[in-house]
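Overview (structure and organization)
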Amino acid sequence: MVIPLSHTRTDSLKKLYQPFGVELSVLRLDLLHPVVSGNKWFKLGPWLAEAIAHEKHTVITFGGAWSNHLVATAAACRSAGLGSIGIVRGEEPPVLSPTLVDARQFGMQLVFVPRNVYATKEIPSSMMHLLPNSLVIGEGGYGAPGRDGAAQIASLPHVHEHTHSVVAVGTGTTLAGLVCGTGGHQSVTGIPVVNDDGLPDAIRSLLPPALHDRFRLQAGFSFGGYAKKTGELVRFMNDWFRSTGIPSDLVYTGKLFFAADSLARNGFFPAGSRVLVIHSGGLQGNRSLPAGTLNF
Ligand SMILES: *Cc1c(COP(=O)(O)O)cnc(C)c1O
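Presented here is an overview of the structure given in this document. (Residues numbered from 1 in each chain as written. Predicted model: local features only at pLDDT ≥ 70, side-chain atom pairs only at ≥ 80, totals over all residues. Heavy atoms only, no water.)

Digging into the overall build of the protein
The cut-off we apply is this: Numbering goes from the N terminus for both helices and strands, where a helix is a DSSP run of H or I of at least four residues and a strand is a run of E of at least two. Each radius of gyration is computed over the set of C-alpha atoms, and the globule rule expresses the reference value as 2.2 Å times the number of residues to the power 0.38. Only protein chains enter the area calculation, which uses a 1.4 Å probe; residues under 20% of their type maximum are buried, those over 50% are exposed, and those in between are partly exposed. Contacts were defined at the residue level, with two residues in contact if any of their heavy atoms lie within 4.5 Å. The Shrake-Rupley method, run with a 1.4 Å probe, gives the accessible areas here. Residue values count only the displayed protein chains as cover.
Each helix and strand in the protein was counted, giving 10 helices and 10 strands. Over its C-alpha trace the protein gives a radius of gyration of 19 Å, about what one expects of a compact globule, namely 19 Å for 296 residues. Counting over 296 residues, the protein shows a buried share of 54%. Of the contacts made within the protein by residues no fewer than 6 positions apart, 74% connect residues no fewer than 24 positions apart. Accessible surface computed for the protein: about 12,800 Å², of which carbon and sulfur atoms make up 54%.

A word on the site of the ligand
Operational definition: Whether a residue is near a molecule or strand is decided by its heavy atoms; if any one of them lies within 4 Å of it, the residue is near. Contacts described as polar in this section are N or O atom pairs within 3.5 Å, which, within protein, must combine one atom able to donate a hydrogen with one able to accept it, while residues neighboring in sequence count only if both atoms come from side chains.
Taken together, the neighbourhood of the ligand is formed by 15 residues, with Lys40, Lys43, Thr171, Thr174 and Ser280 sitting nearest. Thr171 is positioned with one of its side-chain polar atoms (N or O) 2.6 Å from an oxygen atom of the ligand. In the environment of the ligand, an oxygen atom lies 2.8 Å from a nitrogen or oxygen atom belonging to the backbone of Gly172. Here the ligand, which alone exposes 380 Å², has 98% of that area covered by the protein.

A short note on the pattern of salt bridges
Oppositely charged side chains can pair when the atoms bearing their charge come close. The following threshold applies: Think of a salt bridge as a Lys or Arg side-chain nitrogen and an Asp or Glu carboxyl oxygen that are within 4 Å of each other.
Tallied over the full model, the rule gives 11 salt bridges. Residue Arg9 pairs with Asp11 through a salt bridge whose shortest N-O separation is 2.6 Å. A relative accessible area of 45% means that Arg9 is categorised as partly exposed. Between Arg287 and Asp102 there is a salt bridge, with its nearest N and O atoms 2.9 Å apart. Of this pair, Arg287 sits in the segment after strand 10 (274-279) while Asp102 sits in helix 4 (residues 98-105), and the two are 185 residues apart along the sequence. Under the relative-accessibility criterion, Asp102 is labelled buried at 14%. When salt bridges with common partners are traced through the structure, they connect Arg9, Asp11, Arg28 and Asp30 into a single cluster.

Some remarks on the side chain of Thr182
Tracing the backbone shows Thr182 in the loop between helix 7 (173-181) and strand 8 (187-192). When neighbours within four sequence positions are excluded, Thr182 is seen to be in contact with Ala154, His160 and Val188.

Looking at the packing of helix 2 (residues 38-53) against helix 6 (residues 144-151)
Filter applied, for reference: Angles here are taken between N-to-C directions and fall from 0 to 180 degrees, while the axes themselves are lines fitted to C-alpha atoms, restricted in helices to the stretch in contact. Throughout, the term roughly parallel applies to angles under 35 degrees, roughly antiparallel to angles over 145, roughly perpendicular to angles from 65 to 115, and oblique to all others. A crossing counts as left-handed when the near helix is turned anticlockwise from the far one by less than a right angle, and as right-handed when that turn is clockwise. Note that Gly is not counted as nonpolar here; it falls among the polar residues with everything else outside the nonpolar set of Ala, Val, Leu, Ile, Met, Phe, Trp, Tyr, Cys and Pro and the charged set of Asp, Glu, Lys and Arg.
One can describe the packing of helix 2 onto helix 6 by two numbers: an axis separation of 6 Å at closest approach and a directional angle of 130°. In terms of orientation, helix 2 and helix 6 fall into the oblique class. When the axes of helix 2 and helix 6 are compared, the crossing they make is right-handed. Residues Phe42, Lys43, Pro46, Trp47 and Glu50 of helix 2 touch helix 6, and the partners they reach there are Pro145, Gly146, Asp148, Gly149 and Ala150. When the residues that make up the contact of helix 2 with helix 6 are grouped by side-chain class, the tally is 5 nonpolar, 2 polar and 3 charged.

Brief notes about the nonpolar core
Stated precisely, the cut-off is as follows: Throughout, nonpolar core names a set of buried Ala, Val, Leu, Ile, Met, Phe, Trp, Tyr and Cys residues whose side chains join them through atoms within 4.5 Å.
Ranked by internal contacts, the top residues of the largest apolar core, which has 82 residues, are Leu27, Leu110, Ile153, Leu175, Trp240, Phe257 and Val277. Apart from the residues within four sequence positions on either side, Val277 is in contact with Leu24, Ser25, Val26, Leu27, Val166, Leu256, Phe257 and Ala260. Judged by nonpolar contacts, the second largest core, of 9 residues, contains Phe62, Ile87, Val111 and Ile123.

Right, dumping it as structure tokens:
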């Protein structure tokens, strides 16, 4: 599978935010592929290059039943000629989620482990014999290779023309990549979608010391924590789609756009700022919602 980066584009929301003195645009990485989510595709490139360089023929990684990372890994491995194994949180359900069906269709072997075992993030003993020929990628693709892949987002057309960028933060790997890719010339704000006090350190450990202060995390937009949702968030996502035509997901980008909208309206960005909000994809996860929840 080849995903042409030319599928991405920048949508200007100039008219909507002009009254607040800022120019706001959205980088549409969600348009890369309906299932293989934008930032995951970027993060995986160098990981897979590392697997190939070390002559590993399989990638092993972790995720839940709706994981963007899992299905993106399956697709990326297939396109790189590598096998993939997904260690999935929880017992095997009678009916697989569409995400897992897709992952399997991309050739991923699924290994279900009970939640308490999954929490240890250890490779089950039954799989130990695979390790010499496998590369293990942590949940979410966190690490230096993921950062280097995400840094390429900064090379897409128009990214450098912005004074500010805003990005959703799970592990913070994408944010670290943006900070590196823009070399500290852009003020990068991360919106954590998890409540994790360890995030700032986890991000700094991916950055050279000179860039340690070149980002900020804006808390208060996690809506209760990872994958938690409220009626207010769902209403916002539907309103946002009505006014911008841009779809979002409940775990990452709905919270990101809610935050960007609120920050832009409340004077967070200095007048005249050119703000780029990174749509990191993840729309496939919306298939977990009852039909009719969202208007797109
Ligand atoms: C995984 C994911 C993120 C979080 O990326 P990190 O690099 O882990 O911070 C953001 N948005 C979407 C859509 C994702 O799937």
